[in-house]
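Each chain, written out:
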Protein chains: 2
Amino acid sequence: MATGRTHRPATRSRGIPEATVARLPLYLRALTALSERSVPTVSSEELAAAAGVNSAKLRKDFSYLGSYGTRGVGYDVEYLVYQISRELGLTQDWPVVIVGIGNLGAALANYGGFASRGFRVAALIDADPAMAGKPVAGIPVQHTDDLEKIIKDNGVSIGVIATPAGAAQQVCERLVAAGVTSILNFAPTVLSVPDGVDVRKVDLSIELQILAFHEQRKAGEEALALAEAEAVVEVSEESGKGPDGDVPAVMPA
Amino acid sequence: MATGRTHRPATRSRGIPEATVARLPLYLRALTALSERSVPTVSSEELAAAAGVNSAKLRKDFSYLGSYGTRGVGYDVEYLVYQISRELGLTQDWPVVIVGIGNLGAALANYGGFASRGFRVAALIDADPAMAGKPVAGIPVQHTDDLEKIIKDNGVSIGVIATPAGAAQQVCERLVAAGVTSILNFAPTVLSVPDGVDVRKVDLSIELQILAFHEQRKAGEEALALAEAEAVVEVSEESGKGPDGDVPAVMPA
DNA sequence: CCATCTTTGTGCACGCGTTCACAAAGACAT
DNA sequence: ATGTCTTTGTGAACGCGTGCACAAAGATGG
Ligand SMILES: NC(=O)c1ccc[n+]([C@@H]2O[C@H](COP(=O)([O-])OP(=O)(O)OC[C@H]3O[C@@H](n4cnc5c(N)ncnc54)[C@H](O)[C@@H]3O)[C@@H](O)[C@H]2O)c1
Ligand SMILES: NC(=O)c1ccc[n+]([C@@H]2O[C@H](COP(=O)([O-])OP(=O)(O)OC[C@H]3O[C@@H](n4cnc5c(N)ncnc54)[C@H](O)[C@@H]3O)[C@@H](O)[C@H]2O)c1
């Protein structure tokens, strides 16, 4: 998802696969829930079910972190929570700025899930002078003019962009110039960033379009199945019509 | 990202790879921008740059849809917009319901990017009786009691869940029972759904944790590089310390 | 101390996705 | 018509991610 460099120079350090990294938060969430219920140990099978993944995959994922399980018993919940947290860098505090405090930015600022994992909203930034000083989620909004100073004063390395698409690239450049090296982008634009900066994007519209594709496919197959059931004896009379019009104009009401 | 079934029984119809489907919206967005600037044709190289992908990948992606390019020239923008829209199922209207009209749900309801791509917010649903009837983004919020009726009356097949995590699974089950077959989940939970239902999730917390991992890795490598530069002659005196403590306690200020 | 039973950790095979590299296709000029 | 030049479409190689299946590890009970 990193837009800047799709080509990754391989996680050299201890080489945890990117796919594994993306699942660690999932495991952590499931483990935290178990921890809150004071469950002492958990098997790969149980934890995998809770996280919605294959148990072999989970075990392989954990094997990249080291041998933290006990054969015949399972994994110690508390210990694993600690190890994964440490691996993800959640044992330290990450100050985050949100730029663009509109509908979405305000919702993000109000989101409780931030603080629960070591992420702290250090500042809210918006270009609208009318918003400056107004508190959102208890934090006063600051003006874009002070962006660089805010970043540096707070030692921020993670920025969230929730501005309109047109402003995103420019905001991104200012963030990066000020020292931000990780960006979470909600604006529907491709951000170009220098090497060494990670970008991840969240795009509602893309997710919906992917769902629509599968939805259409389901409807198409259904219609096809119906057509087949009806025209069992019917012979193809007008085939070879080209690559177009393969899906008949059967729209689900 | 589909949580229900990670294992996909292969897109049988004409077999467009899942990875390609996920990129089509990206191409479509770039093409739409070109179309608005009245650019008639575009080469794979240019379009790939605009979409932030490799040009060979883009050409291969398009090859799954058919041969829509002209060698020596490139692709006809308008034609390609139409073909991709058709492939994604965006030539028809998709009524969508949003369940859970809190901070996030309200932001989603206010989002303009919905309508622009054939998605129409058919209804807003919340469990809070105090919200019933109140308009959000011009649409009156309806109570959860009527969920099934709303789904059926509007022929909704795509649902968005923006409730607290605790309510998500239950809401999901009601949606599915009422006929919804595609779900976009914003709640931080694993949803279990029957076969034939697609689930995609958007999880802010997970994205941030992935960024934190890389951020930590960057800081670690930097510290390592510094340490190496300092201790060029220094011999390892206390190695073989086990799999722990590999990253020294050097935290970025 | 030994047998049994559970569960981890991983070698291996397979399939998907990515990228390179190039032949073929066609536009365009002469 | 012929040649040149651009750009597509794709065969092939490679690498990553996934999941099976099982041996090794260790707990537990007698
Ligand atoms: N609302 C959603 O649910 C949603 C969903 C997906 C994506 N998005 C995207 O997120 C972004 C924000 O959406 P929104 O609905 O909150 O829009 P919005 O118009 O409500 O808010 C945008 C905010 O950004 C501020 N802004 C504009 N230019 C800026 C700049 N240069 N620097 C700092 N701040 C600036 C504006 O003052 C405004 O407060 C958009 O790109 C949108 O496409 C929104
Ligand atoms: N706000 C964010 O930026 C953000 C970001 C990421 C994830 N999330 C997740 O999205 C979800 C919503 O977040 P939020 O900040 O809007 O929370 P919120 O508390 O503001 O809103 C939740 C809404 O859901 C409604 N609700 C509760 N139970 C319901 C039910 N059974 N049926 C229908 N509606 C019900 C509540 O009445 C409330 O209006 C949460 O799961 C949260 O973790 C939010």
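Thresholds, definitions, all that
- Every chain begins its residue count from 1, and numbering advances along the sequence as written.
- Here chains are named by letter from A upward and ligands by number from 1 upward, in the order in which they appear as written.
- Note on the predicted model: pLDDT of at least 70 is required for a residue's local features to be given, and 80 or more for side-chain atom pairs to be given and counted; whole-chain, interface and lining totals, by contrast, use all residues.
- Side-chain measures here rest on the full set of heavy atoms in the structure, leaving out hydrogens and waters.
- For two strands to pair, DSSP has to find at least two bridges joining them.
- A run of H or I in DSSP counts as a helix once it spans at least four residues, and a run of E counts as a strand once it spans at least two, with each numbered from the N terminus.
- Proximity criterion: a residue is near a molecule or strand once any of its heavy atoms comes within 4 Å of it.
- Polar contacts, as counted here, are pairs of nitrogen or oxygen atoms within 3.5 Å of one another; within protein the pair requires one atom able to donate a hydrogen and one able to accept it, and residues that are adjacent in sequence qualify only if both atoms are side-chain atoms.
- Areas reported as accessible are Shrake-Rupley estimates using a 1.4 Å probe. Residue values count occlusion only from the protein chains shown.
- Here the term charged refers only to Asp, Glu, Lys and Arg, the term nonpolar to Ala, Val, Leu, Ile, Met, Phe, Trp, Tyr, Cys and Pro, and the term polar to all other amino acids, Gly among them.
- Criterion for a salt bridge: a side-chain nitrogen of Lys or Arg within 4 Å of a carboxyl oxygen of Asp or Glu.
- UniProt positions are given in the numbering used here, feature names are shortened, and annotations may be inferred rather than shown by experiment.
- By definition, residues are in contact when any of their heavy atoms lie within 4.5 Å.
- Where helices are involved, their axes are fitted lines through C-alpha atoms of the stretch in contact, as for all axes, and angles between N-to-C directions lie from 0 to 180°.
- Confidence of the predictor at the level of single residues is captured by pLDDT, which takes values from 0 to 100.
- Two parts lose some accessible area (1.4 Å probe) when they are put together, and adding that loss for both gives the buried area.
- Pairing of aromatic side chains here covers Phe, Tyr and the six-membered ring of Trp, requires ring centres within 6.5 Å, and sorts the geometry by plane angle: under 30 degrees stacked, over 60 edge-to-face, intermediate tilted.
- A simple rule labels every residue: compare its accessible area, found with a 1.4 Å probe on the protein chains alone, to the largest value its type can have, and call it buried under 20%, exposed over 50%, or partly exposed in between.

Peer 1: Give a detailed account of the sheet that holds strand β10 (residues 198-201) of chain B, specifying residues and quantitative values.
Peer 2: Residue and element names in this part refer to chain B. An order of β6-β7-β5-β4-β8-β9-β10 is seen for the seven strands of this open sheet, with the pairing classed as mixed. Both edges of this open sheet fall to β6 (135-136) and β10, since each of them pairs with a single strand only. Two strands pair when backbone bridges link them, and strand β4 (residues 94-99) and strand β8 (residues 158-161) are joined in this way by four bridges, in the parallel orientation. Across the sheet, the residue bridging to I98 is V160, located in β8.

Peer 1: Outline the site of ligand 2, supporting the account with residue identities and numerical values.
Peer 2: Within the structure, ligand 2 sits among 23 residues, and B:N103, B:L104, B:D126, B:A162 and B:T163 are positioned closest to it. In this structure ligand 2 sits where residues from chains A and B come together. Here B:A127 contributes a backbone N or O atom positioned 3.2 Å from a nitrogen atom of ligand 2. A distance of 2.7 Å separates an oxygen atom of ligand 2 from a polar atom in the backbone of B:T163. Its free accessible area being 820 Å², ligand 2 has 80% of it covered by the protein chains. Considering every element that reaches the shell around ligand 2, the biggest residue donor is helix α7 (residues 165-178) of chain B, with three residues. When grouped by side-chain class, the residues that make up the shell around ligand 2 number 16 nonpolar, five polar and two charged.

Peer 1: Outline the pattern of salt bridges, supporting the account with residue identities and numerical values.
Peer 2: On inspection of all chains with the given rule, the structure shows 16 salt bridges over all chains. When the shortest N-O distance is used, the salt bridge between A:D93 and A:R120 registers 2.7 Å. With A:D93 in the loop between α4 (77-88) and β4 (94-99) and A:R120 in strand β5 (residues 119-126), this pair connects stretches of sequence that are 27 residues apart. Among the ionic pairs, A:D198 bridges to B:K218, the shortest N-O distance being 3.4 Å. Here A:D198, found in strand β10 (residues 198-201), pairs with B:K218, found in helix α8 (residues 204-230), and the two come from separate chains. Where salt bridges share partners, they join A:D198, B:E215 and B:K218 into one cluster.

Peer 1: Now, about the protein's contact with DNA strand D: what can you tell me, with residues and values included?
Peer 2: The environment of DNA strand D is formed by 24 residues, the closest being A:K57, A:K60, A:R71, B:S44 and B:Y75. Sugar and phosphate atoms form 66% of the subset of DNA strand D atoms that lie within 4 Å of the protein. In this structure, a phosphate oxygen belonging to DNA strand D sits 3.1 Å away from a side-chain N or O atom of A:K57. Contact between DNA strand D and B:G69: a phosphate oxygen at 3.0 Å from a main-chain N or O atom of the residue. Across the surface near DNA strand D, the residue classes break down as seven nonpolar, nine polar and eight charged.

Peer 1: Got a sec to walk through the site of ligand 1? Specific residues and values, please.
Peer 2: Close to ligand 1 lie 23 residues; A:N103, A:L104, A:D126, A:A162 and A:T163 are nearest. Neighbouring residues of ligand 1 are not confined to a single chain but are spread across chains A and B. Measuring from a nitrogen atom of ligand 1, one finds a backbone N or O atom of A:A127 at 3.2 Å. Contact distances for ligand 1 include 3.1 Å between a nitrogen atom and a backbone N or O atom of B:A107. Looking at the shell around ligand 1, the element that brings in the most residues is helix α7 (residues 165-178) of chain A, giving three residues. Class assignment of the residues belonging to the shell around ligand 1 gives a composition of 16 nonpolar, five polar and two charged.

Peer 1: If you had to explain the UniProt feature "domain: CoA-binding" (unreviewed entry) in chain A to someone new, which residues and values would you point to?
Peer 2: In this structure's numbering, the residues bearing the UniProt feature "domain: CoA-binding" (unreviewed entry) are residues 89-190 of chain A. Summarising residues 89-190 of chain A: 29% helix, 28% strand, and an end-to-end C-alpha distance of 27 Å.

Peer 1: Any chance you could break down the sheet that holds strand β3 (residues 74-76) of chain A for me, citing the residues and the numbers?
Peer 2: All names here are of chain A. Pairing within the open sheet is antiparallel, and its three strands lie in the order β1-β3-β2. What marks the edges here is a single partner per strand, and that holds for β1 (41-42) and β2 (69-70). Summarising the sheet, β2 and β3 pair through two bridges and their orientation is antiparallel. When the sheet's bridge partners are listed, G69 is paired in β3 with Y75. Here α4 sits on the sheet in contact with β1 and β3, set at roughly 70° to β3.

Peer 1: Tell me about the protein's contact with DNA strand C, and please be specific about residues and values.
Peer 2: Taken together, 25 residues sit near DNA strand C, with A:S44, A:R71, A:Y75, B:R23 and B:R71 positioned nearest. For DNA strand C, the fraction of protein-proximal atoms (within 4 Å) that sit in sugar or phosphate groups is 63%. Here a phosphate oxygen of DNA strand C and a side-chain polar atom of B:K57 are 3.3 Å apart. B:K60 places a side-chain nitrogen or oxygen 3.3 Å from a base oxygen of DNA strand C. Within the residue set of the surface near DNA strand C, elements represented by two or more residues are α3 (55-65), β2 and β3 of chain A together with α1 (18-36) and α3 (55-65) of chain B. With four residues, α3(B) is the single largest residue contributor to the surface near DNA strand C. Classifying every residue of the surface near DNA strand C gives seven nonpolar, nine polar and nine charged.

Peer 1: Give me the confidence of the model for chain A: which residues, what numbers.
Peer 2: Residue and element names in this part refer to chain A. Mean pLDDT for chain A: 87, with 84% of residues reaching 70 or above. The model gives residues 1-13 a pLDDT under 50, and that stretch makes 23 contacts with residues more than four places away or in other chains. Low pLDDT, under 50, characterises residues 235-253; the predicted model gives this stretch nine contacts beyond four residues in sequence or across chains.

Peer 1: Before we move on, could you go through the interface of chain B and chain A and cite the residues and values that matter?
Peer 2: On the chain A side, the residues contacting the 76 residues of chain B number 76 residues. Of the roughly 6,900 Å² buried where chain B meets chain A, counting both sides, 60% is carbon and sulfur surface. Where chain B touches chain A, the interface holds six salt bridges. At 16 residues, α8(B) tops the list of elements feeding residues into the side of chain B that touches chain A.

Peer 1: Could you give me a rundown of the packing of aromatic side chains, with the residues and numbers involved?
Peer 2: Enumeration over the complete set of coordinates arrives at eight aromatic pairs over all chains. Both rings, one in A:Y27 and one in A:F62, keep their centres 5.2 Å apart while their planes meet at 80°; by these two values the pair is edge-to-face. Here the residue A:Y27 occupies a position in helix α1 (residues 18-36), and A:F62 occupies one in helix α3, the gap between them amounting to 35 residues. A:Y27 sits in the buried class, given a relative accessible area of 0%. Seen in terms of ring centroids, B:Y68 and B:Y79 are 5.4 Å apart; in terms of plane orientation they differ by 85°. Their pairing is edge-to-face. Of this pair, B:Y68 sits in the loop between α3 and β2 (69-70) while B:Y79 is found in helix α4 (residues 77-88), placing the two residues eleven residues apart along the sequence. With a relative accessible area of 35%, B:Y79 lands in the partly exposed category.

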